[in-house]
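Summary of structural features
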Amino acid sequence: MSVSLTSAPLSPRAAANPDKPIRTGRNRAYPRQLWWFIASFVVLIALCQFISWLALRYSSRRSSSREKRGDTEAGRPSSSRRVSWRRLPLAALNAYRVIAFRWTLNIGQYLTLNLAEVFVTCVYIIAIFTWGFVNTTSLAGNKLDVSYWENRLGVLGASQLPLITALGTKNNILSYVTGVSYDRLKFIHRTIARIVFILLWAHGAARLAHLMDSQYVAWFVPIGIIAMGAFTVLLFVSLRPIRARFYELFYYTHVLSVLIILLGGYFHTNYQKFGFYLWPCFIIWGLDRAIRLGRLIFYNHLYFGFSAASRRLDASVELLSPHLVRLHLSRPPHFTWTPGQTVFLAMPSVSKFPIESHPFTIASVDARYALDGVQDVTQAEKAQTDGSDVDATPYWNELVFLIHVREGYTKRLANAAEKGEKVKVLVDGPYGFSPNLDNDDTVVLIAGSSGVSYTLSTFLGVLSHVQKGKSKCRKLVFVWCIREASHIEWVSKALTKALELAPAGIDLSIRIFVTSGSPPVLGREGSWNEDESTHSSEGSPVEKTKPSSLFNSPFVQVALGRPNLAAFLQHEVEINTGRLSVTVCGSQGISRACRAALRIPVAATLKGGPSVVLHVESFGYA
């Protein structure tokens, strides 16, 4: 990488330091080159996503024609099938999925990186440090001359702040171009921020070591030091153990630190005529906030009036166990979502800061996914019913959330539920992309604890599309791991209703694993403490209901102990053909077990095995 320089006459100052115009030219050219490299990489990902979409459309048409002819090898173990070299492209695609997304680098108990993430990280590190230290030999022959790279590292770091800002927003164009949802881009956001942190500290340390005493008092130097101090504090609180344990501390520190970094960084870089890299950050952040504010007003405008309708939007909260709250509210007008999407909930009476919001997965589906026979239960009908449908129907016409209770925000929400209080909730969303499961012959959903929010809505969505003829799914398996048998009551009514209304012709299986305690007994009320009631904001504590109707279903199996996910998934791969999707939302242990189990060999695909797709969703909001 070199920059052609014109032979303009040198000023006396430049003549005294002939390296300076070369350094300045490269400081301006190399960040632009790095941006072209990043843009090319993004376009490549977008192109791959488009090709994948076309391949999915083509494969779905071919599979439909195969179904009409009949699949003579369905149900036979793949080891007994013949090798077909016509399946080589599909085998190559499966091999790519295994290498890129199922082979992982496990760091400690809570961090798992797939090889695709490792690859992107390594490429970015190599690229930015190459542009940072290439061509740093002075005219005098000094290699890695500090005067060549000290300012260049600062400019390169500053040039990446708009990218970091964009990756940290909820409405960013990168998500729509690449098809990667904002929550999956968080890893790239944090990774690039930490790499830039190293660059900026290297720039600052090198500059401070060579500054003359008279330059220390220049106003742009202390501003730069303050910005880097804020960056250091932010990096510390963003470490996963601290972020997960003290999320509210991270949240407020993040907001304040970013403001200091961007303001300080702008004035510091603008002194050297590089401020144009910083002001786009304010536009990106402001645009994201404007979109979110517009959504907030549009979907919650009834709250800003004084009519009785605003009170109907208050959320009902129930403390189902000491560690889980169920929150449901009437769907705001014009608000629609797809299974598995998330929204940001702002609860002014719960949060310390009025506009503080946190993301939660919607456990229900909207009216478009209602199964035939689901009725909307009105307030008048609730008083006349025995309660069997009251807990079930909200999963098809209201926003329902199953929220794991931690400290801070969710702890205060649990306290409100225990007191029987309703809460005002402002909804912002929906966010994220739901996986397209319509072309999958077999759908397997695996959840751990409150991760059932994601898999339950997906389960209801698949049943709806099968009933309406939009999905080709022939087999649907729902696996849920919970600690106590009483946790089944969280979603027992919704599952029971869904099984009652499920379309004919689909093979259904619900497998619930209770990892501690004793398995449930039919006809016996479960309990999680001596108080046989749940606290609800609908009124006084109400008696727990018996989920025996769910247990009596022939589609439901309940077992004590942890599931052998490896054996279960490998069996599904052996007996299935066509397209098999596995969707997981649970702990790192569950995700790692599923990834390891689905590292299928190429020979299995060549022998007629299924095309296996794995979707792994994040667990928790930290």
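Please refer to the structure placed before this passage.
Residues numbered from 1 in each chain as written. Predicted model: local features only at pLDDT ≥ 70, side-chain atom pairs only at ≥ 80, totals over all residues. Heavy atoms only, no water.

On to the side chain of serine 509, then. Within the secondary structure, serine 509 sits in strand β11 (residues 507–514). With relative accessibility at 10%, the residue serine 509 sits in the buried group. A distance of 3.3 Å separates polar atoms of two side chains, one belonging to serine 509 and the other to arginine 511. When neighbours within four sequence positions are excluded, serine 509 is seen to be in contact with Leu476, Val477, Phe478 and Phe555. (Helix = DSSP H or I, 4+ residues; strand = E, 2+ residues; numbered from the N terminus. Buried < 20%, exposed > 50% of the residue type's maximum accessible area, 1.4 Å probe, protein only. Polar contact = N/O pair within 3.5 Å; in protein donor to acceptor, adjacent residues only side chain to side chain. Contact = heavy atoms within 4.5 Å.)

Where helix α8 (residues 186–210) contacts helix α9 (residues 220–237), the axes come no closer than 11 Å and their chain directions differ by 145 degrees. At the point where α8 passes α9, the crossing takes the left-handed sense. Residues Ala193, Arg194, Val196, Phe197, Leu200, Trp201 and Leu208 of α8 touch α9, and the partners they reach there are Val221, Ile225, Met228, Phe231, Thr232 and Leu235. In the contact of α8 with α9, the residues fall into 11 nonpolar, one polar and one charged. (Axes fitted to C-alpha atoms, helices over the stretch in contact; angles between N-to-C directions. Left-handed = near helix turned anticlockwise from the far one by under 90°. Nonpolar A, V, L, I, M, F, W, Y, C, P; charged D, E, K, R; others polar.)

As a further point, take the sheet that holds strand β6 (residues 357–361). Strands sit in the order β6-β5-β8 across an open sheet of three strands; the sheet is antiparallel. The two strands at the open ends of the sheet, each matched to only one other strand, are β6 and β8 (426–431). The average angle at which neighbouring strand axes cross in this sheet is 30 degrees, direction not considered. The pairing of strand β5 (residues 342–346) with β6 spans five bridges and is antiparallel. Across the sheet, the residue bridging to alanine 346 is serine 357, located in β6. On top of the sheet, helix α12 (residues 279–299) reaches β5, β6 and β8; it is set at about 120 degrees to β8, its chief contact. (Pairing = 2+ DSSP bridges.)

A separate point is the pattern of salt bridges. Taken as a whole and judged by the stated rule, the model has 11 salt bridges. In this structure, glutamate 150 engages arginine 207 in a salt bridge whose closest nitrogen and oxygen atoms are separated by 3.1 Å. Of the two residues, glutamate 150 is situated in helix α5 (residues 146–159) and arginine 207 in helix α8; the sequence distance between them amounts to 57 residues. Take arginine 207: its relative accessible area is 22%, and that puts it in the partly exposed class. A salt bridge links arginine 412 to glutamate 248; the shortest N-O distance between them is 2.7 Å. Residue arginine 412 is found in helix α15 (residues 409–418), and its partner glutamate 248 is found in helix α11 (residues 247–270); the two are separated by 164 residues along the sequence. Within the structure, one salt-bridge network assembled from shared partners comprises Asp441, Lys472 and Arg474. (Salt bridge = Lys/Arg side-chain N within 4 Å of Asp/Glu carboxyl O.)

Each aromatic ring pair is characterised by the separation of its centres together with the angle its planes make. All chains considered together, the criterion is met by 20 aromatic pairs. Taking the centre distance of 6.2 Å and the plane angle of 45 degrees together, the rings of phenylalanine 274 and phenylalanine 276 count as tilted. The class of phenylalanine 274 is buried, set by a relative accessible area of 10%. By relative accessible area, phenylalanine 276 is classed as partly exposed at 38%. Seen in terms of ring centroids, tryptophan 480 and tryptophan 490 are 6.0 Å apart; in terms of plane orientation they differ by 50 degrees. Their pairing is tilted. One end of the pair, tryptophan 480, is in strand β10 (residues 475–482); the other, tryptophan 490, is in the loop between β10 and α17 (492–501), and 10 residues separate them in sequence. (Phe/Tyr/Trp six-rings, centres within 6.5 Å; stacked < 30°, edge-to-face > 60°.)

Quick look at the nonpolar core now. Leu34, Tyr124, Leu167, Ile192, Val196, Phe231 and Leu278 are the most contacted members of the largest nonpolar core, which totals 45 residues. Looking at this core, the elements with two or more residues in it are α2 (19–69), α4 (115–133), α5, α6 (161–168), α8, α9 and α11. By residue number, the principal contributor to this core is α8, which donates 10 residues. (Core = buried A, V, L, I, M, F, W, Y, C linked by side-chain atoms within 4.5 Å.)

Moving on: the pairing of strand β3 (residues 316–321). Looking along a regular strand, one sees side chains alternate from face to face of the sheet. Most of β3 is tucked away, with six of its six residues classed as buried. Across five bridges, the pairing between β3 and strand β4 (residues 324–330) is antiparallel. Paired with leucine 319 across the two strands is valine 325, which belongs to β4. The turn joining β3 and β4, which pair antiparallel and follow one another in sequence, is formed by two residues.

Moving on, we come to the sheet that holds β11. The strand order across the open sheet formed by six strands is β14-β11-β10-β9-β15-β16, and the pairing between neighbours is parallel. Strands with a single pairing partner mark the edges of an open sheet, and in this sheet they are β14 (556–560) and β16 (611–617). For this sheet, the mean inter-axis angle between neighbouring strands, taken without regard to orientation, is 15 degrees. Strand direction decides the pairing type here: strand β9 (residues 442–448) and strand β15 (residues 579–585), joined by six bridges, are parallel.

Judged by how many residues are buried, α6 sits mostly within the fold: seven of eight residues are covered. When we look at burial in α6, the residues that qualify are Leu161, Pro162, Leu163, Ile164, Thr165, Ala166 and Leu167.

Here serine 159 is to be found in helix α5. On the accessibility criterion, serine 159 (0% relative accessible area) is buried. Reaching out from serine 159, the side chain makes a polar contact with the backbone oxygen of leucine 156 at a distance of 2.6 Å. Not counting residues up to four positions away in its chain, the partners in contact with serine 159 are Pro31, Trp35 and Tyr277.

A few words on a nonpolar patch on the surface. Nonpolar side chains collect at one region of the surface, where Trp219, Leu259, Leu263, Phe267, Tyr271, Phe276, Trp279, Phe282 and Ile283 lie side by side and expose about 890 Å² of accessible area between them. Here tryptophan 279 lies in helix α12. Note on tryptophan 279: relative accessible area 44%, which makes it partly exposed. (Patch = residues over 30% accessible without salt bridge, like charges linked within 9 Å, V, L, I, M, F, W, Y side chains within 5 Å. Areas by Shrake-Rupley, 256 points an atom, 1.4 Å probe, with all protein chains shown as cover.)

Further remarks concern the environment of arginine 599. Within the secondary structure, arginine 599 sits in the loop between α20 (588–597) and α21 (602–606). Sequence spacing of arginine 599 and isoleucine 99 is 500 residues, and the spatial spacing of their C-alpha atoms is 8.2 Å. Among all residues touching arginine 599, those that are not within four sequence positions of it are Val98, Arg102, Trp103 and Thr104. Reaching out from arginine 599, the side chain makes a polar contact with the backbone oxygen of arginine 102 at a distance of 2.8 Å.

All right, on to unusual backbone geometry then. The omega angle of the peptide bond from glycine 429 to proline 430 is -5 degrees, so this bond is cis rather than trans. Note on placement: proline 430 falls in strand β8. Residue lysine 273 is not a glycine yet carries a positive backbone phi of 65 degrees. Summarising the element assignment, lysine 273 is placed in the loop between α11 and α12. Overall, lysine 273 belongs to the exposed group, its relative accessible area being 59%. Within the chain, serine 449 stands out as a residue other than glycine whose phi angle is a positive 55 degrees. Its location among the elements puts serine 449 in the loop between β9 and α16 (452–467).

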